[in-house]
Every structure is written in structure tokens, then in C-alpha cells.
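Structural description and commentary
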Amino acid sequence: QVQLVESGGGLVQAGGSLRLSCAASGRTFSRYDMGWFRQAPGKEREFVARTSWSGGSTEYADSVKGRFTISRDNAKNTVDLQMNSLKPEDTAVYYCAADLRIITTKHADYWGQGTQVTVSS
């Protein structure tokens, strides 16, 4: 198993940037596919981005492509989400996710507790 703890959320103006970080416990972090999801009030949770165990393969939701970048550091057991050009519609609770298989847009086995991101207009 892996435990995930997110940090870095907060309030930012539209057009600004935030960097989320997810710290994972365990010595097998490099075996996990890692990802980020988000859930806005009244909406279903949606996929944001994922990265393979090596970081060599990444995927993004169309809504964040070109603005967000996912990266991981297997030596530090962390996965980050750099968010630039933020929009009010990016406001949501952001969740870190992990899976020994490839994370899909609908599923991951392990979840963090979430961190709030609020983008003001």
C-alpha cells in the first residue's frame, strides 16, 4: 500500500500559478503510476493528469493541456503538479492518486485527502 499527502493548495488570482505536491510513503513508490484528479462543488471527480513510473509517459485532460505539468521524483517519493495560467474553472479540491496499474480517467487504487485550489476572477 501507499499513503499519499497533498500540499500546496491555496487561493490565487486568475492567470496565476500554483504548484501542488504529493508526498508518498513506502519504499515502492517508483512502481506506481501517479496522477492528479480534481472535484469541483456539485461535479463529479475528473482526471487531470498522470505519469508513468519512470516519468517518461504523461497524459493530460484536454482542459489543462499546455497549462499544467506533472512531474515526479522517485528519489524523494513525490509527484508535483505545476499549474500555470489558472482559470476560475480550475477551482476544485485536487487529489493525488496512485495505482500499480496505469491510472485511467475513471479509476485509481489509492487516494490522498485532497487540497483545495481556489482561483478568483
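Our subject in this report is the structure included herewith.

Conventions we followed
Residues numbered from 1 in each chain as written. Predicted model: local features only at pLDDT ≥ 70, side-chain atom pairs only at ≥ 80, totals over all residues. Heavy atoms only, no water. Helix = DSSP H or I, 4+ residues; strand = E, 2+ residues; numbered from the N terminus. Rg over C-alpha atoms; globule rule 2.2 N^0.38 Å. Buried < 20%, exposed > 50% of the residue type's maximum accessible area, 1.4 Å probe, protein only. Contact = heavy atoms within 4.5 Å. Areas by Shrake-Rupley, 256 points an atom, 1.4 Å probe, with all protein chains shown as cover. Disulfide = S-S within 2.5 Å. Salt bridge = Lys/Arg side-chain N within 4 Å of Asp/Glu carboxyl O. Core = buried A, V, L, I, M, F, W, Y, C linked by side-chain atoms within 4.5 Å.

Here we take up the overall build of the chain. Within the chain, the regular secondary structure consists of zero helices and 11 strands. Computed over C-alpha atoms, the radius of gyration of the chain comes to 13 Å, within 12% of the 14 Å expected from 2.2 N^0.38 for 121 residues, which places it in the range of a compact globule. Buried positions account for 45% of the 121 residues belonging to the chain. Sequence separation of 24 or more characterises 56% of the internal contacts of the chain that already satisfy a separation of 6 or more. Of the roughly 6,300 Å² of accessible surface on the chain, 48% is carried by carbon and sulfur atoms.

Below, the discussion takes up the state of the cysteines. This structure, assessed with the given rule, holds one disulfide. Through a disulfide, cysteine 22 is tied to cysteine 96; the S-S separation comes to 2.1 Å. Between cysteine 22 and cysteine 96 the disulfide shows an S-S torsion of about -80 degrees. By sign, it is left-handed. Taken together, the residues span a long stretch of sequence, with cysteine 22 in strand β3 (residues 18–24) and cysteine 96 in strand β9 (residues 92–99) at a distance of 74 residues.

As a further point, take the side chain of arginine 38. Within the element layout of this structure, arginine 38 appears in strand β4 (residues 33–39). Here arginine 38 is in contact with Glu44, Arg45, Glu46, Val48, Ser63, Val64, Phe68, Glu89, Asp90, Ala92, Val93 and Tyr94, once residues within four sequence places are set aside.

This model, assessed by the stated rule, comprises nine salt bridges. Close ionic contact of arginine 38 with aspartate 90 constitutes a salt bridge, the shortest N to O distance being 2.9 Å. Here the residue arginine 38 occupies a position in strand β4, and aspartate 90 occupies one in the loop between β8 (78–83) and β9, the gap between them amounting to 52 residues. On the basis of relative accessibility, which here comes to 1%, the residue aspartate 90 falls in the buried class. The salt bridge involving aspartate 99 is made with arginine 101; its shortest N-O contact spans 3.5 Å. What you see here is one network of salt bridges that share partners, running through Arg38, Glu46, Arg67 and Asp90.

One finds Met34, Trp36, Leu81, Met83 and Tyr94 to be the most contacted residues of the largest nonpolar core, which totals 33 residues. Elements with a contribution of two residues or more to this core: β3, β4, β5 (46–51), β7 (68–73), β8, β9 and β11 (115–120). Here this core gets five residues from one element, more than from any other, and that element is β9.

Function cannot be read off these values alone, since they describe shape.
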